[in-house]
Amino acid sequence: MHQQDNPQGHHPSQDYELKDTNPQLGERWPTRGGGYGGRGWMSGGERFTTTYDLVEQMFYLYVRVVKAKDLPPSSITGSCDPYAEVKLGNYIGRTKHFEKKMNPEWNQVFAFSKDRVQSSVMEVFVKDKEIVGRDDYIGRVVLDLNEVPTRVPPDSPLAPQWYKLEERHGGGKVKGEIMLAVWMGTQADEAFPNAWHADAAFVQGEGVSSIRSKVYISPKLWYVRVNVIEAQDVVPNDKSRMPEVFVKAQVGNQVLKTKICPTPTMNPVWNEDLVFVAAEPFEEQLVLTVEDRVHPSKDDVLGRISLPLHIFEKRLDHRPVHSSWFNLERFGFGVLEADRRKEFKFSSRIHIRACLEGGYHVLDESTMYISDQRPTTQKLWKQSVGLLEVGILGAQGLLPMKMKDGRGSTDAYVVAKYGQKWVRTRTILNAFGPKWNEQYTWEVYDPCTVITLGVFDNCHLGILEKKSGASTTRDSRIGKVRIRLSTLQANRIYTHSYPLLVLHPSGVKKMGELQLAIRFTSLSLAHMIYIYGHPLLPKMHYLHPFTVNQVDNLRYQAMSIVAVRLSRAEPPLRKEVVEYMLDVDSHMWSMRRSKANFFRVMSLISVVLSMSRWLGDVCHWKNPVTSVLVHILFLILILYPELILPTLFLYMFVIGLWNYRFRPRHPPHMDTKLSWAEAVHLDELDEEFDTFPSSRPNDATVRMRYDRLRSVAGRIQSVVGDLATQGERFESLLSWRDPRATSLFIVFCFCAAVVLYVTPFKVAALVAGFHMLRHPTFRSKLPSVPSNFFKRLPARTDSLL
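An account of the accompanying structure is given in this report. Residue positions are given per chain, counted from 1 along the sequence in the order it is written. Side-chain atom pairs in this predicted model are given and counted only at pLDDT of 80 or more, local residue features only at pLDDT of at least 70, and totals for whole chains, interfaces and linings cover all residues. Water and hydrogen atoms were dropped before computing side-chain values, which therefore reflect all heavy atoms in the structure.

**Some thoughts on the overall build of the protein**
- Here a helix means four or more residues in a row that DSSP labels H or I, a strand means two or more in a row labelled E, and each is numbered from the N terminus. Helices and strands together make up the secondary structure of the protein, namely 15 helices and 32 strands.
- Looking at the 801 residues of the protein, the share that counts as buried comes to 47%.
- We call two residues in contact when some of their heavy atoms are within 4.5 Å. A separation threshold of at least 6 residues defines the contact pool for the protein, and within that pool the share at least 24 residues apart is 73%.
- Here the protein has roughly 41600 Å² of accessible surface; of this, 57% comes from carbon and sulfur atoms. The buried label applies to any residue whose accessible area, calculated with a 1.4 Å probe on protein chains only, is under 20% of its type's maximum; exposed applies above 50%, and partly exposed to all values in between. Shrake-Rupley sampling with a 1.4 Å probe provides the accessible areas, and residues are treated as covered by the protein chains on show and by no other component.

**Section: the sheet that holds strand β31 (residues 493–504)**
- One open sheet holds the five strands; their spatial order is β1-β31-β32-β23-β28, and the pairing between them is antiparallel. If you trace the sheet from one side to the other, it starts and ends with β1 (19–20) and β28 (435–444), each paired once.
- For two strands to pair, DSSP has to find at least two bridges joining them. Here strand β23 (residues 386–396) runs beside β28; their pairing, made up of eight bridges, is antiparallel. Bridge pairing links Gly-391 to Gln-439 in β28.

**Side note on empty space enclosed by the protein**
- Think of a 1 Å grid over the protein atoms and nothing else: a 1.4 Å probe that fits but is trapped marks a cavity, an open set flanked by protein within 12 Å on at least five of seven lines marks a pocket, and residues with an atom within 4 Å of a point count as lining. Grid points are joined across faces, edges and corners, and a volume is the space filled by probe spheres set on the points. By the definition in use, this model includes four cavities of 30 Å³ or more.
- Its boundaries defined by the atoms lining it, the largest cavity holds a volume of some 50 Å³.
- Lining the largest cavity are Glu-365, Ser-366, Tyr-369, Lys-417, Thr-452, Met-581, Leu-582 and Asp-583.
- In this classification, Asp, Glu, Lys and Arg are treated as charged, Ala, Val, Leu, Ile, Met, Phe, Trp, Tyr, Cys and Pro as nonpolar, and every other residue, Gly included, as polar. Here the lining of the largest cavity is composed, by residue class, of three nonpolar, two polar and three charged.

**Looking at the sheet that holds strand β16 (residues 254–257)**
- Across the sheet, four strands lie side by side as β16-β15-β18-β19; this open sheet has antiparallel pairing. The sheet is open, and its two borders are formed by β16 and β19 (298–308), each paired with just one other strand. Pairwise comparison of adjacent strand axes, ignoring direction, gives a mean angle of 20° for this sheet. Here an axis means a line fitted to C-alpha atoms, over the contact stretch when the element is a helix, while the angle between two N-to-C directions is reported on a 0 to 180 degree scale.

Written out as structure tokens, the structure reads:
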């Protein structure tokens, strides 16, 4: 391990700390007489609570251009190709134009941010589009912004009115009228999501949809279990030898093979389980191919069959499903019609048992940062235990991510993922301190879950793509924030500014800060306590568990399917965004991660070392008072051994109460010191950012051995990380990192101390021994309540980069 140094000269560590903020949350509306330029305000507390109480209110001037009528025809063409133009200061918004229409209907909404408007009047022009030369002016309407009404939701939308068109210089009325609705509203207005925003006037084409806020739902994922039992009457191409047969199964781009049948035979038996991931609606088919291993480098295809996935039974528990025989189609070229007719009378068959597993939760994210644990089928879902509300307020100090017109620019948006629901805020263009002020809500089914928020730079705005090429353009990462719900107190609003940290080949870099307002509302305390004693994952994960390799491979396949499906939405949630949110590269070997996990273990061992040092000080009478007290306590426990366990539990109860004063006041965040990111060496970073297999030019054998070493070391790294996690969970029992878990534990300690005090020691030891040695008949396959409680405790993995 390298020594801690700072060769890159990073920013001081305090730049990476979580910061408290004091935003003006909730609604504030102009009072009577306030109007557009009024000074009077009424706070949201004086009105009913709304769904926008975790964000700062942003005011917009909305202009709905509905339609026009009786427009005069052009004196040259004899017709009219009308469009409307809304002008407010330097901002100009245009509707689409209609060809040869005297009574056009546009029904478009324009939104102008109140903070950026300097003008006190607004003009709406109606013009006639000309193919050559300047557009013809038809008429205009001038509105005084001081007279604009304010719409307070949940009021109904403002009714539009007809306005007579005037000449350009106010010389009088002209023929024609236009229907408008103008009002002052907030981002809570229904017109906000689909409005034309003045700040995004230069975005064109498909980029317009990519800057609007959207909600995405992950595809419903299923595990497909195929039990390949046997085959009959397998005929090899070479009749002089017995075939060595295996089965290759494929679903989409997932390919799995059975082992070769141990004995060469025409009726092979395997009885192997192959598991795949599939998403509804089922687009892929299960393709089974029976192959003969003729030579180590050559396989002959003897038959195949394609089966749609929807024909398989959906299983909710571990009860077996019915098996089926399927006839195989001969595979090859030049099959004669006579031979083909013979195949229908006599053909090879394969015996399989296939089902869609509805009792598992299909993992598409790391179990350390899991945001959902419900099984696939909705029939097995429990009722929700709470509500998570997140207000995405804004960001500060973002760094320029690209060059635009010779200057650095950032077009930032935020993606939040919890459960099956993904949300994407609107893109704020060309701003290093964007303000989104958007609020989203999720149902919570388990408090021991994590919400992930990522900030990205939008590189698909329609203009840059033409220059740089859309095929190679990728949205850039700005940073990520993870928050574990169990670390939040119920019904409390957390307002913090989270540092956005990204690891680059040159070292860790702070890209800015993300300001959030978070509230976790608990619906039932009794239900919450009940959840803490139950397994984190559905029962099937414990009754029929997957191997470690299966879990890794299936998670990778599930993540790939989610990325592909979300990238096909409109607008797409792009693959690079989904992969970053799901931690696709978290399993890769990294010297930095290994050091971080190693020192996590060392910090836990240091507690034992400090206790041994304390005992040494007691033995050496460094503090006479402490030594006398320990001698008295030791004498009491020797004379009355039945007091040992009550004293131990009472001691932990007192420590838990004492630590309540020092409980964490804010959720955990990325810790650069814990992640070993501040003192990392460039050579280690070069290794971490290398691809797998390695792309460095070097001798092929050395590279192969190096990649194999990285693969093995990646497993060791995960084991060390798991070891550190278990120790940190012990540490969190009394640290109030999870307030509910610590409360439950110290109450249990107090009750245990009382029970063990009144119960003879021999009776307690006898009950515990017989319970430990009980017959398997009395054991459950599910984990015990203490085990479930322990696995739900938070660890410091939440703070790892």
